[in-house]
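# A look at the structure
What follows is the residue order along each chain.
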Amino acid sequence: MKVALFIPCYVDAFFPEVGIATLHLLERLGCEVDYPLDQTCCGQPMANSGCHDDARGAEALFAQNFAGYDRIVTPSGSCTHHVRDRMTSIEQTPEVQAVRRNVRELVEFLHDDLGVLHYPWASFPHKVGLHIGCSTLRALREAKASEIREPAFNKPARLLSAVKGLELVQPERPDECCGFGGTFSVFEEPVSAKMGRDKVEDHHRAGAQYIVSTDMSCVMHQQGCARRAGLPLRFLHIAQVLNGVSA
Amino acid sequence: MMNRVDHAEASSKFIEAKDHADFHDKRLWDLRRKRDSESEALPEWETLRALASQIKEHTLTHLGDYLEEFERNATANGMVVHWARDAAEHNEIVHRILEAHGATILVKSKSMLTDECEMRPFLENRGVEIVETDLGERIQQLDDEPPSHIVVPAVHKLRGDVAEVFGRTLGTDPDNSDVPYLAESQRRHTRPTYLRAHAAMTGANFAIAETGTFVVCTNEGNADLGANLPPLHIASIGIEKLLPRIEHLGVFVRMLSRSALGSPITQITSHFRAPRPGTEMHVVLVDNGRSERLGMEDFWYSLKCIRCGACMNTCPVYRRSGGLSYGATYSGPIGVIIDPTFNLRKYSALPFASTLNGSCTSVCPVKIDIHEQIYKWREVIAQRHQLPMVKKEAMRVAGKVLASPKLYRAAVEAAAAGLEHLPRFLVYNPFNAWGRQREVPAAPAQTFRQWYVANRGGER
C-alpha cells in the first residue's frame, strides 16, 4: 500500500527518532512510503487558539502536500483529529475532503487498515505505562474511555500485547489528561505543570519504568515534568516499541 | 469595563496551598469514581443519556409552549406565577412579594439561579435577613464567599477552615474540627431560624409543564423544612428547567444524583404542587439571557444542563484550580461555556482554561458537547478581538511560519543546530512558562527531515 507520511512539526524538530521508527515500521509492513518534503504542520495550534485565519495557510499547505494519497499516516492523534474533524478554515473542495477522510493515526492504520496484530521482531521486557492522548482516546476513540459505559477495547494496548516481555502497568487514573493541551501548557502553566506532575507520579507509583504513548506532545510535557521531579521514568512513542527498539 | 478574569493567576495561588489543592483533587475525583460505579450498575446508562438529551432538545425547541402550559397548570393548582426577564426583574419581583407579606426573614435552600441574579445582597440591602440552610452554602455565606462548586459549595475548604469560619461567626471552638461537632453546631444555629422565618425560598431542579408542579432534589432536608414551615414559599426557576411530562422526570431523577455525587438518588425528592391551606406559593420563571442563548446556533445546547456538576468533578483543570479561580457564578467546564454569554470580555480567558480533553462531554448526563463548545468559544473570542495581545501575536507569527516550508525549515533547523531556545512558533510566547516547572526537551542533532534527506535523498 502506498501511503504518505506526515511528521508533525514537534516530532520533526524534537523527536526525529519517532519519525524514523514510524517510517521503518511502515516499510517493514510492506508499505511504500512517501514523505512530502514541503510539509510543516496541520494548523492545529492556531485553530485550537481560536485563530482560524492564522490556521488557513498551514491547512492549505497540508492539503496541497497530501492531496491524492489513499492514506496519510501520522504518529499523532491530535493532528489526526484536527485534520479529520476540525480542518475547516480552508475551502472544502473534494480534494480537501479526501485528505481529511484519508488521514490515519499510526495505531488506527496498523490496527484497522492493515490489521497487523503481530510484531514478532519486537521485544521490550519492561514495565510500561500506556499514555493515550485525549484526542486519540475520545475523538479517534482508539480505546474505551473510563466515562463511557460500553464493552472494553483498547487498540494501542492490543498492539503492545504482541510485544514480547512487555508488561503493562495500571495507573490509578489511566485516562486522566496529562495537562499538555497545546498553548494551555504555557498560558495555563500552573495547572498544566501540576497535572503533568500528577500524571507521571501516578505512572511511577504503578511501577512503570517506561511511559509509552501514541502522542509525543503529551510525552514532551510529561518528560519535562518527570525530569524536573527527578523521577526515573523513560519515554517512548508506540512506533518505537512496535518497531523493535531495545531499551 | 470589567477586568478580565485571570484564571491562570488564580489557579497558581490555589495550587500553592498544597494540602488544599491535593484534597480538592482527591475529593472530587472520588465523586467521579463513585459516579462511574453507579453508572456501571445501570446497563441502560448510555440509553438514558441519549433519552435525556432528546427530551431536553425537544423541550428547548418548544420552550414557549411548555412554559405557557406550565403557567396554566401551576396557576390552576393555586400557585402564583411571575415572569422575570432578567436578574434585576427577578430580584424586584422577589422583593415585592416579600414586602407584600411584611416578610423580613427568609430561609433559603440552594439555588445557583439566585447567585446568578446576585439576589442576596439586593435583598439584604433592603432589610431582609437571609439564612442559607444548605450546609455548604451556609459555610460559604458565613465566610462571605461565593460557592466554589454548584453541588458541593464549600468543597475547597478543609474541615479546619470550617472550624475557623464557625469559630469566627457562630462562636464555636475554632480548634475543634470534628465533623459531627461542626455539623451539629451549625444545625443548632440554623434550626430556630426555620421557626422565625416569614418566608422560604427554594430553587427547582425540574418543572413539569403537564402537571404545573416543580421538583426539588436535596440531601439535607433543609429545603423541605423551609417550604413547610413559613406561610410563604417562593421558588426561583430558570426557564430551561422545564420538562414536558411527569413521565420524563424518571429519566432525569435516575441520573442526577448518580452523576453529581455517585449516589443512586438524592435523599429527598420533593414534588411541589400547591400551597398548603392558608399559605402562598410563588414561582418566578427567570430568563436572564437564556432566550438569547437559545438563539445561538453553536451554544444553545448548554441549556440542556441539569446542574449535576459531573463535568466539574471530572475536569482535571477544575479539580486543580478550584471553582473560585473562574471568578464567575458557574465554574468548571459548564461555566466556561455559559459565563461568556453573560460578559464576553470579563470571561474571555475561561474557554482557554481547558485542555479540550473531552472528559466533560463524556460524563455529561444530557450529552452537552461541552468541549466542542469550548473550542467554538475560542473562535468567537478571537473574532471579537478579546485574545491577549501576546497570544494573538504568537498565533499570527506561527501561522505565517507554518504556512511556509522555507520559514518553517529555517526555524526548526536553527533549533536542531543547538540554539538554546526553541523557536517561538513551536512553543508560543511566553515560552519562559514552559521551563518554570518542566525541563525543556533537548534539541536533536538533526530534524527528521534532515535525516530523511541525508538518508533517503529527495532534496529539490
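Below, the structure is looked at part by part. (Residues numbered from 1 in each chain as written. Chains lettered and ligands numbered in written order. Predicted model: local features only at pLDDT ≥ 70, side-chain atom pairs only at ≥ 80, totals over all residues.)

### What to know about the interface of chain A and chain B
When the parts come together, some accessible area is lost, and that loss is often what is quoted as the size of the interface. This is how the line gets drawn: Remark: residues whose backbone-derived C-beta atoms lie within 7 Å of one another are considered to be in contact. In this text, helices come from DSSP runs of H or I with a minimum length of four residues, and strands from runs of E with a minimum of two, each type numbered from the N-terminal end. Under the scheme applied here, ten amino acids are nonpolar (Ala, Val, Leu, Ile, Met, Phe, Trp, Tyr, Cys and Pro), four are charged (Asp, Glu, Lys and Arg), and all others, including Gly, are polar.
Listed per partner, the contact involves 61 residues of chain A and 63 residues of chain B. Within the residue set of the side of chain A that touches chain B, elements represented by two or more residues are helix H1 (9–14), helix H2 (16–28), helix H3 (44–48), helix H4 (52–66), helix H8 (134–139), helix H10 (184–187), helix H11 (189–205) and helix H12 (216–229) of chain A. The residue inventory of the side of chain A that touches chain B, partitioned by class, reads 32 nonpolar, 16 polar and 13 charged.

### Examining H2(A)
Residues and elements named next belong to chain A. Stated precisely, the cut-off is as follows: A helix is expected to span 1.5 Å multiplied by its residue count minus one. Buried, partly exposed and exposed are defined by the number of other C-beta atoms within 10 Å of a residue's own C-beta, namely 20 or more, between the two limits, and 12 or fewer respectively, with C-beta atoms placed from the backbone.
In this model, H2 (13 residues) spans 18 Å end to end at C-alpha, consistent with the 18 Å of a helix rising 1.5 Å per residue. Within H2, the full set of buried residues consists of Pro 16, Val 18, Gly 19, Ala 21, Thr 22, Leu 23, Leu 25 and Leu 26. With its phi angle positive at about 90 degrees, Gly 30 sits one or two positions after the end of H2.

### Section: unusual backbone geometry
Residues other than glycine seldom take positive phi values, yet Arg141(A) does so here, at roughly 55 degrees. Residue placement: Arg141(A) occurs in the loop between H8 and helix H9 (155–160). Of note in this structure, Leu356(B) is not a glycine but carries a positive phi near 60 degrees. With respect to the helices and strands, the residue Leu356(B) is situated in the loop between helix H16 (332–342) and helix H17 (359–363). Given 25 C-beta atoms within a 10 Å radius, Leu356(B) is considered buried.

### Focus on the packing of H11(A) against H12(A)
All names here are of chain A. Rules: Only the stretch in contact is used when a helix axis is fitted, and all axes are lines through C-alpha atoms; the angle between N-to-C directions ranges over 0 to 180 degrees. By the definition adopted for this analysis, an angle is roughly parallel if under 35 degrees, roughly antiparallel if over 145, roughly perpendicular if from 65 to 115, and oblique otherwise.
Relative to each other, H11 and H12 sit at 75 degrees, their axes nearing to 9 Å. Between H11 and H12, the angle is such that the two are roughly perpendicular. Of the residues in H12, those in contact with Ala 193, Gly 196, Arg 197, Lys 199 and Val 200 of H11 are His 221, Gln 222, Cys 225, Ala 226 and Ala 229. Of the residues in the contact of H11 with H12, the class split is five nonpolar, three polar and two charged.

### Examining the packing of H16(B) against helix H18 (residues 370–383) of chain B
Residues and elements named next belong to chain B. What counts, and what does not: Note: crossing handedness is left-handed where the near helix turns anticlockwise from the far helix by less than a right angle, and right-handed where it turns clockwise.
Contact geometry for H16 and H18: axes closest at 9 Å, N-to-C directions at 40 degrees. With respect to their mutual orientation, H16 and H18 come out oblique. Seen from above, H16 lies across H18 with left-handed handedness. Of the residues in H18, those touching H16 at Pro 333, Ile 334, Val 336, Ile 337 and Pro 340 are Ile 370, Gln 373, Ile 374 and Trp 377. Of the residues contributing to the contact of H16 with H18, the split by class is eight nonpolar, one polar and no charged.

### Remarks on the pairing of strand S3 (residues 71–74) of chain A
On a regular strand, each side chain points to the face opposite its neighbour's, so the side chains alternate between the two faces of the sheet. Residue and element names in this part refer to chain A. Applied cut-off: A strand pair is defined by DSSP finding two or more bridges across the two strands.
The pairing of strand S1 (residues 2–5) with S3 spans three bridges and is parallel. Across the sheet, the residue bridging to Leu 5 is Val 73, located in S3. As defined by bridge partners, S3 adjoins strand S4 (residues 103–105) across three bridges and the pair is classed as parallel. Bridge pairing links Thr 74 to Glu 105 in S4.

### A word on helix H23 (residues 448–456) of chain B
For clarity, the threshold we go by: Within this analysis, the arc is defined by the directions that extend from the helix axis to the C-beta atoms.
Of all the residues in H23(B), the buried ones are Phe448(B), Arg449(B) and Tyr452(B). Looking down the long axis of H23(B), one finds its buried residues gathered within 95 degrees of arc, a one-sided arrangement. Packed against the buried residues of H23(B) are H1 and H2 of chain A. Within two residues after H23(B), Gly457(B) carries a phi angle of roughly 75 degrees, on the positive side.

### As for the sheet that holds strand S6 (residues 167–168) of chain A
Residue and element names in this part refer to chain A. Spatial ordering of the open sheet is given by S6-S5-S7-S8, a layout of four strands whose pairing is parallel. Where the open sheet ends on each side, the last strands, each with one partner, are S6 and strand S8 (234–237). Bridge count for strand S7 (residues 210–213) against S8 is four bridges, and the pairing is parallel. The partner of Ser 213 across the bridge, within S8, is His 237. Packed onto the sheet, H12 meets strand S5 (127–131), S7 and S8 and runs at close to 170 degrees relative to S8.

### A closer look at the environment of Ala103(B)
Residue and element names in this part refer to chain B. Among the secondary structure elements, Ala 103 is positioned in the loop between helix H5 (87–100) and strand S2 (105–108). Once the C-alpha coordinates of Ala 103 and Glu 46 are considered, the two residues, 57 residues apart in sequence, prove to be 46 Å apart. Among all residues touching Ala 103, those that are not within four sequence positions of it are Leu 98, His 198, Ala 199 and Leu 232.

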